[in-house]
Amino acid sequence: MLVGQVADGLATPLVGIAIDKLNIKFYGKRKTWHAIGTACVAIAFSFIFHKCLGCEDSSEMVQQIYYGAFIVLFQFGWASTQIAHLSLIPVLTVCRKKIVFLNSVRSGLTFVCGIAVYILMWFLLHVYGSNMEPLGPGDSRAFAYLSLIVIGTGLTFSILFHLMVRESSDDELRSQMDEQADLLGPKPTQRTIKCWLTNTKFYMVGVMYMFTRVAVNVPQVYLPLYLTSSLNLKKESIAYYPLMMLICSVIGSFLTRPLSKFAGKRVTYVCGAALVMGSSFWFQFQPKANACPTYGATALIGAGSSIMLIMSLSMTADLIGIHTNTGAFVYGSMSLLDKISNGLVIALVQHFHPDHCTPVDCPTAKYYRYTMSAIPGGAALLGSIATLVL
């Protein structure tokens, strides 16, 4: 996990700079890097969820090096794909309402894909998984089949994206800005990386985005452990409880546009953060005897984190504005903060993880309960404070 976060963190700003510097007129620099990233992700995913080829019986160190190499390749590809895709939004439109809409659709479809993956996971565990509790090596076949389905589906839609979406060249963008100069006033100077690094708002948006990603990512990592360790649910619960979270994330993503239009982006963000903080209290005091109400907590954190994420992306797009010449650098910098913060949080959680469980007392169960309550709720609170002072 930490190797992947570090690799992704190092790749994101470098990829962002490379995207801004590259100029491919006949196809588009952002779509080019998206294609490169897609190829890297497909290759890496094909090996990560399968047995070590030629080294299945080798030492643990050899297998760590083998899988670590593909994880680094995956993280580079993922960074290229995500930054290229995000930086394309301000290029497609300068209208802030349309930017919010595109971010909502993007996030909503991301959650829909997550729903499909969890449904497939639930089905494959029933068909190909072992009968042992909890998850173990006997379930590896189910994960291998899932990875192949995900790769095939992802490649299909990536090809459709490249065929159907046209990226304007830098010359075309400059021409459009000149045409709108009479409406928007004098055309401002395009910002350089040095200008961004001396911009206070750049850092404030980065802090807000960093806490947002912690509030979004940590529950996705530790919700399965909370369900199986703290509530003693069956292993199938790691599919249908997160499924509820993703369904509510889709609902939340499509509520952001009318909410932001009515109350503004900052207030909408704080409302989403309030839902996450409410779910944190719920996770902390949820009794083990009756786990059904946990659906309510997962619904709250799903909708709230979705609203926070979309608003943070929209405010990042607002920060970029018409300065699309260095937009990929901005998204890469935000992603760098995201990876560093999440990597440190997860590393600290694992470092302080209890070592043992006894029949009388199991500190692990309490530990995951505290993790699911304190970290997302605290990140949502700090993200709200950063948003309000912007």
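Residues numbered from 1 in each chain as written. Predicted model: local features only at pLDDT ≥ 70, side-chain atom pairs only at ≥ 80, totals over all residues. Heavy atoms only, no water.

1. Notes on the packing of helix α13 (residues 327-351) against helix α14 (residues 363-388)
Packing of α13 against α14 leaves a shortest axis separation of 11 Å and a crossing angle of 155 degrees. By the angle between their directions, the pair α13 and α14 is classed as roughly antiparallel. Crossing angle aside, the handedness with which α13 passes α14 is right-handed. Counted together, Val-345, Leu-348, Val-349 and Gln-350 of α13 and Tyr-367, Thr-371 and Ile-375 of α14 form the full contact between these two elements. Broken down by class, the residue content of the contact of α13 with α14 amounts to five nonpolar, two polar and no charged. (Axes fitted to C-alpha atoms, helices over the stretch in contact; angles between N-to-C directions. Helix = DSSP H or I, 4+ residues; strand = E, 2+ residues; numbered from the N terminus. Parallel < 35°, antiparallel > 145°, perpendicular 65-115°, else oblique. Left-handed = near helix turned anticlockwise from the far one by under 90°. Contact = heavy atoms within 4.5 Å. Nonpolar A, V, L, I, M, F, W, Y, C, P; charged D, E, K, R; others polar.)

2. Quick notes on a nonpolar patch on the surface
Together, Trp-122, Phe-123, Val-127, Tyr-128, Tyr-145, Leu-148 and Tyr-240 give the surface a local cluster of nonpolar side chains, amounting to about 640 Å² of exposed area. For the nonpolar patch, the leading source of residues is helix α4 (residues 96-128), giving four residues. By the secondary structure assignment, Trp-122 is in helix α4. Look at Trp-122 and you get partly exposed, because its relative accessible area is 40%. (Patch = residues over 30% accessible without salt bridge, like charges linked within 9 Å, V, L, I, M, F, W, Y side chains within 5 Å. Areas by Shrake-Rupley, 256 points an atom, 1.4 Å probe, with all protein chains shown as cover. Salt bridge = Lys/Arg side-chain N within 4 Å of Asp/Glu carboxyl O. Buried < 20%, exposed > 50% of the residue type's maximum accessible area, 1.4 Å probe, protein only.)

3. Topic: the side chain of Thr-38
Structurally, Thr-38 is set in helix α2 (residues 29-48). Since its relative accessible area comes to 13%, Thr-38 is described here as buried. A polar contact of 2.8 Å, which involves the side chain of Thr-38, links it to the backbone oxygen of His-34. (Polar contact = N/O pair within 3.5 Å; in protein donor to acceptor, adjacent residues only side chain to side chain.)

4. Comments concerning the side chain of Asn-103
Along the chain, Asn-103 turns up in helix α4. When residues no more than four places from it in sequence are discounted, the contact partners of Asn-103 are Leu-86, Ile-89, Ile-310, Leu-313 and Ser-314.

5. Some remarks on the packing of aromatic side chains
Enumeration over the complete set of coordinates arrives at 13 aromatic pairs. With a centroid separation of 5.2 Å and an interplanar angle of 70 degrees, the aromatic rings of Tyr-66 and Phe-70 are classed as edge-to-face. Placement of the pair is Tyr-66 and Phe-70 together in helix α3 (residues 60-92), with a separation of four residues, close to one helical turn. Centre to centre, the rings of Tyr-241 and Tyr-295 are 4.3 Å apart; their planes meet at 15 degrees, and the pair counts as stacked. On the criterion of sequence distance, the pair formed by Tyr-241 in helix α10 (residues 237-263) and Tyr-295 in helix α12 (residues 294-320) is long-range, its members being 54 residues apart. Classification of Tyr-241 by relative accessible area gives buried; the value is 4%. Through a chain of ring-to-ring contacts, three or more aromatic side chains come together here, namely Phe-47, Tyr-66, Tyr-67 and Phe-70. (Phe/Tyr/Trp six-rings, centres within 6.5 Å; stacked < 30°, edge-to-face > 60°.)

6. Side note on the environment of Leu-73
Checked against the element boundaries, Leu-73 lands in helix α3. You can call Leu-73 partly exposed: its relative accessible area is 27%. For the pair Leu-73 and Val-41, spaced 32 residues apart in sequence, the C-alpha to C-alpha distance is 7.2 Å. Among residues more than four places away in sequence, those in contact with Leu-73 are Cys-40, Ile-43 and Ala-44.

7. Some words on the pattern of salt bridges
When the charged atoms of two side chains lie near each other, side chains of opposite charge can form a pair. Inspection of the entire model under this criterion finds three salt bridges. Residues Asp-338 and Arg-213 are paired through a salt bridge, measuring 3.7 Å at the closest nitrogen-oxygen approach. Here Arg-213 lies in helix α9 (residues 200-230) and Asp-338 lies in helix α13, a separation of 125 residues in the sequence. Look at Asp-338 and you get buried, because its relative accessible area is 2%.

8. A closer look at α2
For α2, with 20 residues, the first-to-last C-alpha span of 29 Å sits near the 28 Å given by 1.5 Å per residue. Counted residue by residue, α2 has 14 buried out of 20 residues, so it is predominantly covered. (Expected span 1.5 Å × (residues − 1).)

9. Some details on the packing of helix α11 (residues 265-285) against α14
Look at α11 against α14: their axes get within 8 Å of each other, and the N-to-C directions meet at 160 degrees. Considered as vectors, α11 and α14 are oriented roughly antiparallel to each other. Crossing hand, α11 versus α14: left-handed. Counted together, Arg-266, Tyr-269, Val-270, Ala-273, Val-276, Met-277, Ser-280, Phe-283, Gln-284 and Phe-285 of α11 and Arg-369, Tyr-370, Met-372, Ser-373, Pro-376, Gly-377, Ala-380, Leu-381, Gly-383, Ser-384, Thr-387 and Leu-388 of α14 form the full contact between these two elements. For the contact of α11 with α14, the per-class residue count stands at 13 nonpolar, seven polar and two charged.

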